[in-house]
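Geometric and topological summary
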Amino acid sequence: MAGEEGLKVLGLQVSPFVLRVCLALNMKGVSYEYVEEDISNKSELLLKSNPVHKKVPVLIHNGKPICESLVIMQYVDELFAGRPILPTDPYERATARFWAAYADDKLFPAWYGMVKAQAEEERAEKAKETLAAIEHMEVTFAKCSGGNAFFGGDSIGYVDIVLTCSAPSCSGSRRCAGFSTWRSLTLARLRCWLRGRSGL
Ligand SMILES: N[C@@H](CCC(=O)N[C@@H](CS)C(=O)NCC(=O)O)C(=O)O
Ligand SMILES: *[C@@H]1O[C@H](CO)[C@@H](O)[C@H](O)[C@H]1NC(C)=O
(Lines give C-alpha, C1' and ligand atoms only; values in the text may rest on other atoms or scores of the structure.)
(Ligands and ions follow the chains in the order given, each with its own letter.)
Protein backbone atom coordinates (compact mmCIF):
# COMPACT_ATOMS: atom_id res chain seq x y z
CA MET A 1 0.00 0.00 0.00
CA ALA A 2 1.30 3.43 -0.84
CA GLY A 3 1.56 6.10 1.82
CA GLU A 4 -1.28 8.41 2.80
CA GLU A 5 -0.48 10.71 -0.10
CA GLY A 6 -0.21 7.91 -2.69
CA LEU A 7 3.58 8.05 -2.55
CA LYS A 8 6.01 5.21 -2.99
CA VAL A 9 9.81 5.44 -2.97
CA LEU A 10 11.89 2.80 -4.73
CA GLY A 11 15.18 2.94 -2.89
CA LEU A 12 18.37 1.43 -1.61
CA GLN A 13 19.43 1.92 2.00
CA VAL A 14 23.04 2.83 1.22
CA SER A 15 22.24 5.31 -1.54
CA PRO A 16 22.87 9.00 -0.81
CA PHE A 17 20.52 9.85 -3.69
CA VAL A 18 17.69 7.93 -2.06
CA LEU A 19 18.46 9.56 1.27
CA ARG A 20 17.91 13.01 -0.31
CA VAL A 21 14.42 12.04 -1.35
CA CYS A 22 13.52 10.51 2.02
CA LEU A 23 14.85 13.58 3.80
CA ALA A 24 12.83 15.91 1.54
CA LEU A 25 9.65 13.90 2.20
CA ASN A 26 10.35 13.83 5.93
CA MET A 27 10.85 17.60 5.91
CA LYS A 28 7.38 17.96 4.44
CA GLY A 29 6.01 15.55 7.03
CA VAL A 30 4.30 13.31 4.50
CA SER A 31 4.08 9.55 4.77
CA TYR A 32 5.18 7.27 1.99
CA GLU A 33 5.79 3.63 1.33
CA TYR A 34 9.46 2.68 1.05
CA VAL A 35 10.40 -0.27 -1.15
CA GLU A 36 13.97 -1.56 -0.99
CA GLU A 37 15.33 -2.57 -4.40
CA ASP A 38 17.80 -5.34 -5.07
CA ILE A 39 20.16 -3.61 -7.47
CA SER A 40 21.52 -6.92 -8.76
CA ASN A 41 17.95 -8.08 -9.49
CA LYS A 42 15.90 -4.98 -10.27
CA SER A 43 12.13 -5.19 -9.93
CA GLU A 44 9.78 -4.93 -12.89
CA LEU A 45 8.38 -1.82 -11.25
CA LEU A 46 11.80 -0.13 -11.22
CA LEU A 47 12.59 -1.08 -14.83
CA LYS A 48 9.17 0.14 -15.93
CA SER A 49 9.33 3.33 -13.84
CA ASN A 50 12.85 4.39 -14.80
CA PRO A 51 13.50 2.75 -18.19
CA VAL A 52 16.14 5.34 -19.13
CA HIS A 53 18.57 5.04 -16.19
CA LYS A 54 17.15 2.00 -14.33
CA LYS A 55 18.34 3.60 -11.08
CA VAL A 56 16.96 4.46 -7.67
CA PRO A 57 15.51 6.66 -6.33
CA VAL A 58 12.19 6.69 -8.11
CA LEU A 59 9.20 8.42 -6.55
CA ILE A 60 5.88 7.02 -7.67
CA HIS A 61 3.03 9.44 -7.05
CA ASN A 62 -0.45 8.03 -7.69
CA GLY A 63 1.07 5.58 -10.16
CA LYS A 64 3.20 8.19 -12.00
CA PRO A 65 6.99 7.86 -11.75
CA ILE A 66 9.41 10.74 -11.20
CA CYS A 67 13.15 10.00 -11.58
CA GLU A 68 16.46 11.61 -10.59
CA SER A 69 16.90 12.71 -6.99
CA LEU A 70 17.30 16.44 -7.72
CA VAL A 71 14.16 16.45 -9.86
CA ILE A 72 12.25 14.49 -7.23
CA MET A 73 13.25 16.93 -4.48
CA GLN A 74 11.95 19.84 -6.54
CA TYR A 75 8.74 17.97 -7.25
CA VAL A 76 8.21 17.22 -3.57
CA ASP A 77 8.88 20.85 -2.72
CA GLU A 78 6.32 22.06 -5.26
CA LEU A 79 3.73 19.46 -4.33
CA PHE A 80 3.60 19.92 -0.59
CA ALA A 81 3.10 22.97 1.54
CA GLY A 82 5.15 23.38 4.67
CA ARG A 83 8.76 24.23 5.01
CA PRO A 84 10.23 25.18 1.64
CA ILE A 85 13.23 23.15 0.48
CA LEU A 86 14.32 25.44 -2.35
CA PRO A 87 14.53 29.18 -1.69
CA THR A 88 11.42 31.09 -2.74
CA ASP A 89 13.30 33.94 -4.44
CA PRO A 90 13.84 33.04 -8.15
CA TYR A 91 17.48 34.14 -8.18
CA GLU A 92 18.25 32.18 -5.03
CA ARG A 93 16.38 29.17 -6.46
CA ALA A 94 18.49 29.28 -9.60
CA THR A 95 21.64 29.59 -7.50
CA ALA A 96 20.67 26.61 -5.34
CA ARG A 97 20.00 24.51 -8.46
CA PHE A 98 23.34 25.56 -9.91
CA TRP A 99 25.28 24.42 -6.83
CA ALA A 100 23.36 21.17 -6.43
CA ALA A 101 24.16 20.33 -10.07
CA TYR A 102 27.77 21.38 -9.49
CA ALA A 103 28.06 19.01 -6.53
CA ASP A 104 26.67 16.10 -8.58
CA ASP A 105 28.60 16.86 -11.76
CA LYS A 106 31.97 17.92 -10.35
CA LEU A 107 32.44 17.56 -6.60
CA PHE A 108 31.17 14.02 -5.98
CA PRO A 109 32.70 12.42 -9.09
CA ALA A 110 36.09 13.89 -8.13
CA TRP A 111 35.61 12.76 -4.54
CA TYR A 112 34.62 9.19 -5.40
CA GLY A 113 37.38 9.12 -7.99
CA MET A 114 39.87 9.99 -5.28
CA VAL A 115 38.60 7.36 -2.86
CA LYS A 116 38.52 4.66 -5.53
CA ALA A 117 41.84 5.55 -7.22
CA GLN A 118 44.31 2.69 -7.31
CA ALA A 119 47.42 4.58 -8.42
CA GLU A 120 48.89 7.32 -6.24
CA GLU A 121 49.16 9.67 -9.21
CA GLU A 122 45.47 9.36 -10.02
CA ARG A 123 44.56 9.84 -6.37
CA ALA A 124 46.59 13.05 -6.17
CA GLU A 125 44.93 14.32 -9.35
CA LYS A 126 41.42 13.59 -8.02
CA ALA A 127 42.28 15.07 -4.61
CA LYS A 128 43.28 18.28 -6.37
CA GLU A 129 40.01 18.36 -8.30
CA THR A 130 38.05 17.67 -5.11
CA LEU A 131 39.72 20.45 -3.18
CA ALA A 132 39.17 22.90 -6.02
CA ALA A 133 35.47 22.00 -6.05
CA ILE A 134 35.24 22.33 -2.26
CA GLU A 135 36.86 25.73 -2.45
CA HIS A 136 34.16 26.88 -4.86
CA MET A 137 31.48 25.50 -2.55
CA GLU A 138 33.04 27.20 0.42
CA VAL A 139 33.00 30.61 -1.22
CA THR A 140 29.39 30.19 -2.18
CA PHE A 141 28.51 28.86 1.26
CA ALA A 142 29.73 32.10 2.80
CA LYS A 143 27.51 34.04 0.36
CA CYS A 144 24.39 31.87 0.49
CA SER A 145 24.32 31.22 4.21
CA GLY A 146 24.54 34.90 5.09
CA GLY A 147 26.65 33.93 8.10
CA ASN A 148 24.15 31.26 9.19
CA ALA A 149 24.73 27.53 9.54
CA PHE A 150 23.21 26.40 6.23
CA PHE A 151 23.37 27.08 2.52
CA GLY A 152 19.66 27.69 2.95
CA GLY A 153 20.39 30.43 5.52
CA ASP A 154 19.02 29.72 8.97
CA SER A 155 17.47 26.37 8.07
CA ILE A 156 18.43 23.37 5.99
CA GLY A 157 17.67 23.65 2.26
CA TYR A 158 18.22 22.04 -1.12
CA VAL A 159 22.02 22.33 -1.29
CA ASP A 160 22.38 21.31 2.37
CA ILE A 161 20.44 18.12 1.72
CA VAL A 162 22.45 17.31 -1.39
CA LEU A 163 25.77 17.72 0.44
CA THR A 164 24.72 16.15 3.72
CA CYS A 165 23.36 12.97 2.21
CA SER A 166 26.61 12.23 0.46
CA ALA A 167 28.75 13.08 3.47
CA PRO A 168 28.57 9.63 5.11
CA SER A 169 29.58 7.93 1.85
CA CYS A 170 32.45 10.34 1.50
CA SER A 171 33.67 10.09 5.08
CA GLY A 172 36.09 7.34 4.11
CA SER A 173 38.11 10.00 2.37
CA ARG A 174 38.80 11.95 5.57
CA ARG A 175 42.10 10.16 5.84
CA CYS A 176 43.15 12.06 2.73
CA ALA A 177 45.03 15.20 3.54
CA GLY A 178 43.54 18.64 3.27
CA PHE A 179 39.96 17.93 4.20
CA SER A 180 39.67 20.27 7.13
CA THR A 181 38.19 22.77 4.66
CA TRP A 182 35.16 20.54 4.40
CA ARG A 183 34.56 20.95 8.11
CA SER A 184 34.08 24.65 7.73
CA LEU A 185 30.96 23.80 5.76
CA THR A 186 29.51 22.94 9.18
CA LEU A 187 29.32 19.34 8.21
CA ALA A 188 29.20 18.21 11.82
CA ARG A 189 26.07 20.25 12.39
CA LEU A 190 24.43 18.90 9.27
CA ARG A 191 25.29 15.36 10.28
CA CYS A 192 23.69 15.85 13.70
CA TRP A 193 20.64 17.31 12.03
CA LEU A 194 20.47 14.36 9.70
CA ARG A 195 20.75 11.80 12.47
CA GLY A 196 18.03 13.51 14.45
CA ARG A 197 15.53 13.99 11.66
CA SER A 198 15.86 11.47 8.89
CA GLY A 199 14.62 8.46 10.81
CA LEU A 200 16.86 6.31 8.66
N1 LIG B 1 21.66 10.87 -10.80
C2 LIG B 1 20.90 9.87 -10.09
C3 LIG B 1 21.86 8.87 -9.47
C4 LIG B 1 21.15 7.70 -8.86
C5 LIG B 1 22.07 6.50 -8.66
O6 LIG B 1 23.25 6.52 -9.01
N7 LIG B 1 21.52 5.43 -8.08
C8 LIG B 1 22.26 4.21 -7.88
C9 LIG B 1 22.25 3.80 -6.43
S10 LIG B 1 23.24 4.89 -5.44
C11 LIG B 1 21.62 3.08 -8.66
O12 LIG B 1 20.41 2.95 -8.68
N13 LIG B 1 22.42 2.23 -9.30
C14 LIG B 1 21.94 1.10 -9.99
C15 LIG B 1 22.70 0.84 -11.25
O16 LIG B 1 23.56 1.65 -11.60
O17 LIG B 1 22.41 -0.18 -11.88
C18 LIG B 1 20.03 10.55 -9.04
O19 LIG B 1 20.38 11.66 -8.61
O20 LIG B 1 18.96 10.02 -8.70
C1 LIG C 1 14.78 -11.73 -8.52
O2 LIG C 1 13.60 -11.14 -8.01
C3 LIG C 1 12.41 -11.88 -8.22
C4 LIG C 1 11.26 -11.09 -7.64
O5 LIG C 1 11.32 -9.76 -7.97
C6 LIG C 1 12.53 -13.25 -7.54
O7 LIG C 1 11.39 -14.00 -7.80
C8 LIG C 1 13.78 -13.95 -8.03
O9 LIG C 1 13.95 -15.15 -7.30
C10 LIG C 1 15.02 -13.07 -7.88
N11 LIG C 1 16.17 -13.71 -8.48
C12 LIG C 1 17.34 -13.82 -7.84
C13 LIG C 1 18.42 -14.47 -8.62
O14 LIG C 1 17.52 -13.38 -6.70
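Residues numbered from 1 in each chain as written. Chains lettered and ligands numbered in written order. Predicted model: local features only at pLDDT ≥ 70, side-chain atom pairs only at ≥ 80, totals over all residues. Heavy atoms only, no water.

By the naming in an unreviewed UniProt entry, the protein chain is Glutathione S-transferase, taken from Zea mays. What the UniProt record of the protein chain gives under Sequence similarities (unreviewed entry) is the line "Belongs to the GST superfamily. Tau family." Turning to the protein chain, the UniProt annotation filed under Subcellular location (unreviewed entry) states: "Cytoplasm, Cytosol". (UniProt positions renumbered as here; feature names shortened; annotations may be inferred.)

Here we come to the layout of surface pockets. If you add up the space inside the largest pocket, you get close to 390 Å³. Lining of the largest pocket is provided by 18 residues; of these, Ser15, Phe17, Lys55, Val56 and Pro57 occupy positions nearest its centre. When residues of the lining of the largest pocket are traced back to their parent elements, those giving at least two are helix H1 (16-28) and helix H3 (69-79). Of the residues assigned to the lining of the largest pocket, the class counts are 8 nonpolar, 4 polar and 6 charged. The space that makes up the second largest pocket amounts to roughly 330 Å³. If you trace the second largest pocket, you find 19 residues lining it, with Pro87, Glu92, Phe151, Gly152 and Gly153 closest to the centre. Of all the secondary-structure elements, those providing two or more residues to the lining of the second largest pocket are helix H4 (90-116) and helix H6 (158-170). (1 Å grid on protein atoms, 1.4 Å probe; cavity = no way out; pocket = protein on both sides within 12 Å on 5 of 7 lines; lining within 4 Å. Points joined across faces, edges and corners; volume = space filled by probe spheres on them. Helix = DSSP H or I, 4+ residues; strand = E, 2+ residues; numbered from the N terminus. Nonpolar A, V, L, I, M, F, W, Y, C, P; charged D, E, K, R; others polar.)

Hydrogen bonds along the backbone pair up the strands of a sheet, which may run parallel or antiparallel. The 4 strands lie next to each other as E2-E1-E3-E4, forming an open sheet whose pairing is mixed. Edge positions in the sheet fall to strand E2 (33-36) and strand E4 (64-67), since each of these pairs with one other strand and no more. When strand polarity is set aside, the average angle formed by the axes of neighbouring strands in this sheet is 25 degrees. Here strand E1 (residues 7-11) runs beside strand E3 (residues 58-61); their pairing, made up of 4 bridges, is antiparallel. Looking at the pairing, Lys8 lines up with Ile60 of E3. Packed onto the sheet, H1 meets E1, E2 and E3 and runs at close to 155 degrees relative to E1. (Pairing = 2+ DSSP bridges. Axes fitted to C-alpha atoms, helices over the stretch in contact; angles between N-to-C directions. Contact = heavy atoms within 4.5 Å.)

A few words on the site of ligand 1. Every residue near ligand 1 is listed here: Leu12, Ser15, Phe17, Ile39, Lys42, Lys55, Val56, Pro57, Glu68 and Ser69. A distance of 2.8 Å separates a nitrogen atom of ligand 1 from a polar atom in the backbone of Val56. Here ligand 1 loses 74% of its free accessible area of 520 Å² to cover by the protein chains. Most atoms of ligand 1, that is more than half of them, are within 2 Å of grid points of the largest pocket. Classifying every residue of the shell around ligand 1 by side-chain character gives 5 nonpolar, 2 polar and 3 charged. (Near = heavy atom within 4 Å. Polar contact = N/O pair within 3.5 Å; in protein donor to acceptor, adjacent residues only side chain to side chain. Areas by Shrake-Rupley, 256 points an atom, 1.4 Å probe, with all protein chains shown as cover. Sits in = over half its atoms within 2 Å of the grid points.)

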